[in-house]
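Structural overview
This is what each chain is made of:
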Amino acid sequence: MERRNSIEGIQMIGTQRSGSNLLRVMLEEIDGITAPHPPHILQRFLPLLPAYGDLQVAENFHQLAADVCELVRVNPVPWEGVVLDVEEIVTACREKNLYEIFRAIYDSAARQHHADFWVCKSMKNVFYAEGIERTGLRPYYIYLYRDGRDVALSFQKAIVGEKHIFALAQAWRKDQEEALRLRERTPKERFFSLSYESLLAEPEKKLRELCDFLGVSYSARALEYYKSRESKNTAVAGRMWQNVTKPILKDNTHKFLQELSSDDIALFESVAGDVLQELGYPLCSPKSRLRKDFSSEELALFTEENSRLKQAFNRQVDPEDLERRRPQRELLEKIRARLP
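Described in the following lines is the structure provided in the data block. (Residues numbered from 1 in each chain as written. Predicted model: local features only at pLDDT ≥ 70, side-chain atom pairs only at ≥ 80, totals over all residues. Heavy atoms only, no water.)

Side note on the nonpolar core
The test is simple: In plain words, nonpolar cores are sets of buried Ala, Val, Leu, Ile, Met, Phe, Trp, Tyr and Cys residues tied together by side-chain atoms within 4.5 Å. Residue burial is assigned from relative accessible area. The probe radius is 1.4 Å, only protein chains are included, and a residue is buried under 20% of its type maximum, exposed over 50%, and partly exposed in between. Every helix listed is a DSSP run of H or I at least four residues long, and every strand listed is a run of E at least two residues long, numbered separately from the N terminus. Residues are treated as being in contact if the distance between any of their heavy atoms lies within 4.5 Å.
The biggest cluster of nonpolar side chains holds 38 residues, and the ones touching the most others in it are Ile41, Phe45, Leu64, Val68, Ile101, Phe102 and Ile105. Counting only elements with at least two residues in this core, the list comes to helix H2 (41-45), helix H3 (58-73), helix H4 (86-92), helix H5 (98-112), strand S3 (117-120) and helix H15 (319-336). The element that contributes the greatest number of residues to this core is H5, accounting for nine residues. Aside from chain neighbours lying at most four places away, what touches Ile41 is Leu46, Val68, Leu71, Val72, Leu98, Phe102, Ile105 and Tyr106. Within the second largest apolar cluster, 33 residues are counted, among which are Leu23, Ile142, Leu199 and Ala235.

Here is the structure:
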């Protein structure tokens, strides 16, 4: 296909642990698309903006751009073949705000990879879609969703995220509701919905549908993603991403049925059952086990247990995983120290 006149953005939305890294490394193998591992620019820097003062002051805006570029540079999975020049990023910004820095950085990565599209896999950007659109960027949205009970189980084994089933159900529900609201207000030609389960069951069919939606040519390399350099770099950077160096795990569904207790399943379905059903996932618990309300004492216990589980999990995290994340953590801590 002919090259486009301008670079276009693709924003993946939904919840982590839903196959987003799998889809990302697949898309990286499509000609004309670059899909770097996300440093979560908006999610991390929007709360830190008070540390920079008035961004209309050139020095303040330049410092913000420099810090965001540094966040990308020390990402656990490197952006290979991409060198960010702070002056070029600042010059490329049409307005002095974080959203423009975000766009300029991803545009720069696409240019350096001779790509027409970039993919941002920061799933939480669903909550910043309004700000993204206000800059004039009109990305394509890929809403990748997965059975929330399997998502919860996956988070319980990951270095990131909540650990108690109540907190996990709340977070999953919130993400899906925001994605569904965005779908309602976004033109159909810019919004593509894809379930993780269908991607595993019919990967070529679903990837071809996605390529047709984007107007790009499908490549069989997408199904050999696990041989790619990007997949290998991703797997090396964190234990929770190691599946991207394996062929499609077609049986990686409904694991919650064996690994979550019936109490946890009923609790998840009590919190998020209506959203599960809206997305086509049937409930497992009898109606008699589903609850609408929880006492303040129960909620306090859920919160306390979630905190305990996270602390216990952090004590057994692979030290190498923590070390790879250390540069980003130290950079963000340094900026937080400047907050008023």
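Details of the side chain of Asn125
Examined against the element boundaries, Asn125 turns out to sit in the loop between S3 and helix H6 (129-134). Residue classification places Asn125 among the buried residues on the basis of a relative accessible area of 1%. Here Asn125 is in contact with Gln11, Leu42, Gln43, Phe102, Cys120 and Ile132, once residues within four sequence places are set aside.

Section: the sheet that holds strand S5 (residues 191-195)
Where we set the bar: When DSSP finds two or more bridges between two strands, those strands count as paired.
On the basis of which strands lie adjacent, the open sheet formed by five strands has the order S2-S3-S1-S4-S5 and parallel pairing. At either end of the open sheet lies a strand with only one pairing partner, and these are strand S2 (33-34) and S5. Pairing of strand S1 (residues 8-14) with S3 involves four bridges; the strand directions are parallel. Considered in S3, the bridge of Glu8 is made with Phe117.

What about helix H10 (residues 203-214)?
To keep it simple, the criterion reads: Multiplying one less than the number of residues by 1.5 Å gives the expected span of a helix. Each direction from the helix axis to a C-beta atom contributes to the arc, which is the arc of those directions.
Between its terminal C-alpha atoms H10 stretches 16 Å, which fits the 16 Å expected from twelve residues at 1.5 Å a residue. If you check which residues of H10 are buried, you get Pro203, Lys206, Leu207, Leu210, Cys211, Phe213 and Leu214. Buried residues along H10 cover an arc of 155° about the axis, so they all sit on one side. Count one or two residues on from H10 and you reach Gly215, which has phi positive near 80°.

Examining the packing of H3 against H5
In plain terms, the rule: To obtain an axis, a line is fitted to C-alpha atoms, over the contacting stretch when the element is a helix, and the angle between two such axes runs from 0 to 180 degrees between their N-to-C directions. Just so you know how the angles are binned, under 35 degrees is roughly parallel, over 145 roughly antiparallel, 65 to 115 roughly perpendicular, and the rest oblique. Handedness of a crossing is defined here by the sense of rotation of the near helix relative to the far one, left-handed for an anticlockwise turn of less than a right angle and right-handed for a clockwise turn. Just so you know the grouping, Ala, Val, Leu, Ile, Met, Phe, Trp, Tyr, Cys and Pro go in nonpolar, Asp, Glu, Lys and Arg go in charged, and all remaining residues, Gly too, go in polar.
Put simply, H3 and H5 touch, their axes get as near as 10 Å, and they point 45° apart. Judged by the angle between their axes, H3 and H5 are oblique. Here the hand of the crossing between H3 and H5 comes out right-handed. Of the residues in H5, those in contact with Phe61, Leu64, Ala65, Val68, Cys69 and Val72 of H3 are Leu98, Ile101 and Ile105. A class-by-class count of the residues in the contact of H3 with H5 yields nine nonpolar, no polar and no charged.

With respect to the packing of helix H7 (residues 148-156) against helix H13 (residues 262-278)
Contact geometry for H7 and H13: axes closest at 10 Å, N-to-C directions at 130°. As the angle between them shows, H7 and H13 are arranged oblique. Where H7 approaches H13, its residues Gly148, Arg149 and Ala152 are matched on the opposing element by Ile265, Phe268, Glu269 and Leu276. The class makeup of the residues in the contact of H7 with H13 is four nonpolar, one polar and two charged.

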